[in-house]
Amino acid sequence: MSQRIAVIAGDGIGNEVMPEGVRALDAAAKRFNLDLDFHTFDFGSCDYYLEHGQMLPDDWFEQLKDFDALFYGAVGWPATVPDHISLWGSLLQFRRQFDQYINLRPCKLMPGIKSPLAGRAPGDIDFYVVRENTEGEYSSVGGKMFEGTEREVVMQETVMTRTGVDRVLKYAFDLAQTRPRKKLTSATKSNGISITMPYWDERVAKMAKSYPEIAVDKFHIDILTANFVLHPDWFDVVVGSNLFGDILSDLGPACTGTIGIAPSANINPEGNFPSLFEPVHGSAPDIAGKGIANPIGQIWSGAMMLEHLGYKAAGDAMVTAIEEVLSAGDSQALTPDVGGQGTTESLGKAIAERIAG
Ligand code: NAI
Ligand code: MG
């Protein structure tokens, strides 16, 4: 069956790492006999904005909704377009309109990468952060009153719906079920935030009853962040509300080294809409155009995309290829951020060759 994939490179190094992401996917498609049908779009970039006065065409939803997946590079070019315009006008539209309510980030220490945490080796850090991506603390319920006076007041309400909480928990439990350790950690703060967070805990406890094989624990967000640094080996699948997940999904990958290699997925698990796969990093204006951006975040995102589309063996082979190239440590292939003298293309090609087998 052919998989239709929308390719949106975006801005800056998005344009440099995307060809390597596609190269790696092509190699996986060849080896595993997959039919990947790529369609490239120029919108969702600041260049498009400068020409059209908006980040996306009016009919973007129609154009993209029937794709099997979206493969995004990075968006943002603050020198010409303010970041809130480029981000809200593109990526955040996709996440919301396509109800991508799961934000998934693997946190895995790869061979050859130095963790900022002393004494940690590959195998010590290997977990997922599952973030609720549509509600919670990031709500539009609230307002300002008496602006500019002594009585000035601002309020923004946390919104948790049973549907919204249960569906992210179910996704996290299902994910834990597929992993050898079968462990789930919930991020909470039910001591201080005394209405929504006890509710979150209650739903976790209820969901846990349907997953008797899974060991469940929970930590308040403050000590949980400390434990990410002190005991990253404790975690397998960590689930959190929008705000807690946001914090954990930056901290987790940071514990595993360079931002150039971290991937992420924005998932609509039911498949009512396409899911979106993108590296964690942005457009990196400081190194854009130099050909030295690390393409691994983009390639690894491609691996997550294949797994999501049902091709787990192909996705695994891509991750293994990344691990092999990093452990081989050929400085002519590796990019400068991981200690080499190579280029985006040399690293992308080395990985694609390994994927080809
Ligand atoms: P950034 O992730 O683009 O860069 C941060 C630092 O990491 C820079 O020093 C950069 O050179 C380095 N870096 C990033 N990716 C790398 C790679 N693949 N290889 C080697 N080094 C890499 O974040 P920054 O500078 O805060 O934002 C730049 C632009 O990107 C802004 O417009 C921002 O809004 C946008 N952005 C977009 C994101 C997205 O598309 N999801 C995520 C984060 C930022
Ligand atoms: Mg963040």
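Only a predicted model underlies this, so the values are computations on that prediction, with no experimental measurement involved.

1. Digging into unusual backbone geometry
Part 1 of the reasoning: You will see that Phe146, though not glycine, has its phi angle at about 55°, which is positive.
Part 2 of the reasoning: Here Phe146 lies in the loop between strand S6 (142-145) and strand S7 (153-156).
Part 3 of the reasoning: Judged by local crowding, Phe146 falls into the exposed class, with 10 C-beta atoms found within 10 Å.
Part 4 of the reasoning: Non-glycine residue Lys182 carries a positive phi angle of around 50°.
Part 5 of the reasoning: Counting through the fold element by element, Lys182 comes out in the loop between helix H6 (162-177) and strand S8 (183-188).
Part 6 of the reasoning: On the basis of neighbour counts, which here come to 16 C-beta atoms within 10 Å, the residue Lys182 falls in the partly exposed class.

2. Focus on the nonpolar core
Part 1 of the reasoning: Among the nonpolar cores identified, the biggest contains 102 residues, and Leu70, Val130, Met318, Ile322 and Ile351 are the most heavily contacted of them.
Part 2 of the reasoning: Broken down by element, this core gets its largest block of residues, 8 residues, from helix H11 (residues 312-328).
Part 3 of the reasoning: Each of domain 1 (1-100 + 269-357) and domain 2 (126-254) gives at least three residues to this core.
Part 4 of the reasoning: With sequence-adjacent residues up to four places away left out, Ile322 is seen in contact with Met110, Ile296, Ile299, Trp300 and Ile351.

3. Examining the UniProt feature "domain: Isopropylmalate dehydrogenase-like" (unreviewed entry) in the protein
Part 1 of the reasoning: Under the UniProt annotation, the feature "domain: Isopropylmalate dehydrogenase-like" (unreviewed entry) is placed at residues 4-351.
Part 2 of the reasoning: Helix makes up 39% of residues 4-351 and strand 20%, whereas the separation of the span's terminal C-alpha atoms amounts to 23 Å.

4. Details of the environment of Ile195
Part 1 of the reasoning: Mapped onto the elements, Ile195 comes out in the loop between S8 and helix H7 (196-209).
Part 2 of the reasoning: Look at Ile195 and you get exposed, because 9 C-beta atoms sit within 10 Å.
Part 3 of the reasoning: With 60 residues separating them in the primary sequence, Ile195 and Glu135 have C-alpha atoms 16 Å apart.

5. Comments concerning the domain arrangement of the protein
One widely used convention gives an interface's size as the accessible area the parts lose upon coming together.
Part 1 of the reasoning: The domain architecture assigned to the protein consists of domain 1 (1-100 + 269-357) and domain 2 (126-254).
Part 2 of the reasoning: One C-alpha centre belongs to domain 1, the other to domain 2; they are set 27 Å apart.
Part 3 of the reasoning: Facing the 6 residues of domain 1 at the interface are 4 residues of domain 2.
Part 4 of the reasoning: Here the residues of the side of domain 1 that touches domain 2 sort into 2 nonpolar, 1 polar and 3 charged.

About the criteria used
Residues numbered from 1 in each chain as written. Chains lettered and ligands numbered in written order. Predicted model: local features only at pLDDT ≥ 70, side-chain atom pairs only at ≥ 80, totals over all residues. Helix = DSSP H or I, 4+ residues; strand = E, 2+ residues; numbered from the N terminus. Buried ≥ 20, exposed ≤ 12 C-beta atoms within 10 Å, placed from the backbone. Core = buried A, V, L, I, M, F, W, Y, C linked by C-beta atoms within 7 Å. Domains from an automatic or database assignment. Contact = placed C-beta atoms within 7 Å. UniProt positions renumbered as here; feature names shortened; annotations may be inferred. Nonpolar A, V, L, I, M, F, W, Y, C, P; charged D, E, K, R; others polar.

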